[in-house]
Amino acid sequence: QLVSALHNLTRHVVYRGLTRAEDILSLFPENFHQNLKNLLTKIILENISAWRNEAQASQISLPRLVDMDWRVDIKTSSDSISRMAVPTCLLQLKIQEDVALCGNSPVVSALTVELSKETLDTMLEGLGRIRDQLSAVANK
Amino acid sequence: VSSQQFSALTEVLFRFLTEPKEVERFLTQLSDFATMNKISLGPLKNIVKSILLVPNGALKRNLSSEQVRADFIALGLSEEKASYFAEQWKVNSPTLTRLAVGQTLMINQLVDMEWKFGVTAGSSELEKVGSIFLQLKLVIKKGSQTENVYMELTLPQFYSFLHEMERVKTSLESFS
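- The name given to chain B in an unreviewed UniProt entry is COMD7 protein, with Lophotis ruficrista as the source organism.

- Under an unreviewed UniProt entry, the name given to chain A is COMD9 protein, and the source organism is Lophotis ruficrista.

### Focus on the overall build of chain A
Step number 1: Broken down by element type, chain A carries 5 helices and 3 strands.
Step number 2: For chain A, the succession of helices and strands along the chain, N to C, is α-α-α-β-β-α-β-α.
Step number 3: Considering chain A as a whole, with its 140 residues, one finds that 34% of them fall into the buried category.
Step number 4: Put simply, chain A shows about 8,800 Å² of open surface, and 53% of that area lies on carbon and sulfur atoms.

### Description of empty space enclosed by the protein
Step number 1: A complete count under the given rule lists 1 cavity of 30 Å³ or more for this structure.
Step number 2: Together, Leu91, Leu93, Val113 and Met123 of chain A together with Leu110, Leu138 and Phe161 of chain B line the largest cavity.

### Some details on the packing of helix α3 (residues 41-60) of chain B against helix α5 (residues 79-102) of chain B
Residue and element names in this part refer to chain B.
Step number 1: Across the interface, α3 lies against α5 with an axial gap of 10 Å and an inter-helix angle of 60°. The orientation of α3 relative to α5 falls into the category oblique. Handedness of the α3/α5 crossing: right-handed. Contacts between α3 and α5 involve Ile51, Pro55, Ala58 and Leu59 from the first element and Phe85, Trp89, Leu96, Thr97 and Ala100 from the second.
Step number 2: When its residues are assigned to classes, the contact of α3 with α5 shows 8 nonpolar, 1 polar and no charged.

### Thoughts on the confidence of the model for chain B
Step number 1: When pLDDT is averaged along chain B, the result is 78; 95% of the residues meet or exceed 70.
Step number 2: Of the two predicted TM-score estimates for the complex, the pTM is 0.68 and the ipTM is 0.72.

### Details of the interface of chain B and chain A
Step number 1: Opposite the 55 residues of chain B that make contact, chain A presents 53 residues.
Step number 2: In total, chain B and chain A occlude about 5,100 Å² of area from one another, counting both sides; carbon and sulfur atoms represent 70% of this.
Step number 3: Our count for the contact surface shared by chain B and chain A stands at 2 salt bridges.
Step number 4: Put simply, aspartate 121 of chain A and lysine 169 of chain B hold a salt bridge, and the shortest N to O gap is 3.3 Å.
Step number 5: Our enumeration of links across chain B and chain A arrives at 10 residue pairs in polar contact (both at pLDDT 80 or more).
Step number 6: Listed by contribution, the elements that provide at least two residues to the side of chain B that touches chain A are α3, α5, β1 (109-120), β2 (131-142), β3 (145-154) and α6 (155-175) of chain B.
Step number 7: Per-element tally for the side of chain B that touches chain A: the top contributor is α6 of chain B, with 16 residues.
Step number 8: Looking at side-chain class alone, the side of chain B that touches chain A contains 29 nonpolar, 14 polar and 12 charged residues.

### Observations regarding the side chain of glutamine 96 of chain A
All names here are of chain A.
Step number 1: Of note, glutamine 96 is situated in strand β2 (residues 86-96).
Step number 2: Relative accessible area serves as the criterion here: at 16%, glutamine 96 is assigned to the buried category.
Step number 3: What glutamine 96 contacts, discounting residues up to four positions off in sequence, is Pro63, Arg64, Val66, Pro106, Val107 and Val108.

### As for a nonpolar patch on the surface
All names here are of chain A.
Step number 1: On the surface, Leu36, Leu39 and Ile43 cluster together into a nonpolar patch covering about 250 Å² of accessible area.
Step number 2: With respect to the helices and strands, leucine 39 occurs in helix α3 (residues 34-57).
Step number 3: Taking relative accessible area as the criterion, leucine 39 reaches 46% and is therefore assigned partly exposed.

What counts as what
Residues numbered from 1 in each chain as written. Chains lettered and ligands numbered in written order. Predicted model: local features only at pLDDT ≥ 70, side-chain atom pairs only at ≥ 80, totals over all residues. Heavy atoms only, no water. Helix = DSSP H or I, 4+ residues; strand = E, 2+ residues; numbered from the N terminus. Buried < 20%, exposed > 50% of the residue type's maximum accessible area, 1.4 Å probe, protein only. Areas by Shrake-Rupley, 256 points an atom, 1.4 Å probe, with all protein chains shown as cover. 1 Å grid on protein atoms, 1.4 Å probe; cavity = no way out; pocket = protein on both sides within 12 Å on 5 of 7 lines; lining within 4 Å. Points joined across faces, edges and corners; volume = space filled by probe spheres on them. Axes fitted to C-alpha atoms, helices over the stretch in contact; angles between N-to-C directions. Parallel < 35°, antiparallel > 145°, perpendicular 65-115°, else oblique. Left-handed = near helix turned anticlockwise from the far one by under 90°. Contact = heavy atoms within 4.5 Å. Nonpolar A, V, L, I, M, F, W, Y, C, P; charged D, E, K, R; others polar. pLDDT = per-residue confidence, 0-100. Buried area = accessible area lost by both parts, 1.4 Å probe. Salt bridge = Lys/Arg side-chain N within 4 Å of Asp/Glu carboxyl O. Polar contact = N/O pair within 3.5 Å; in protein donor to acceptor, adjacent residues only side chain to side chain. Patch = residues over 30% accessible without salt bridge, like charges linked within 9 Å, V, L, I, M, F, W, Y side chains within 5 Å.

Here's what the structure looks like:
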């Protein structure tokens, strides 16, 4: 019962995003033991940002990008042309499935994608537009 | 076959080679040519088939127009006609080469990319969140089907992704 009560208290604090000692203190009932109240508040305040970060990290979300790697190859011949020198890019994205669904053993899958120079240019244009939109939002 | 007819036929051939998807049009033009010149379609088709082998082989082996001309002469074509064909070849070969390169094998080719970004307002754990997320949808061609891949990135991830892609571009450019 004690553990459950403590759990509820900490969840409430994290949920509401309470950061000031007064707010937390006001949650306790009137005749609660003074020193215990202060001690608990102090401990909660110390841990609150860690708990918030963890809650955010384990939110439901689309699969998340966890790593990326790339390499540039030069294609020198194929079955339709025996000599050429075409550069191409191979991009490997490591994607982790929704953390909330996987519990303690998240599944990470690697996706390898090939991009020609034209595709890469178009992609960079798109990414540039994202960056501009983000700065516009940030400046509002 | 007179040289006028030959040039007309060559034109039809090259138009087909540069637009290989226009098979219908090519066949129609061939049968028009046959009726106009009173040649029967069957033998014409056979001749065309053998003629088409030359540019395809030339493309594979990156032959110059002189070599194409020599090939045709070896096959028994008159010098005038062979030169005409070689000229046409020179004019069209960049397009044909580009087409052939475009057909080269690509693994999991990225075909399209869509995105949206927004702000996470709240969740079951946190009442007010206010963090920005970016969602990307990549359309990838796997064999003959396309597959959609969805993923989320945080802002710092997005900026480092952008940075890496710019490095790739520099690398690709230094090789072209």
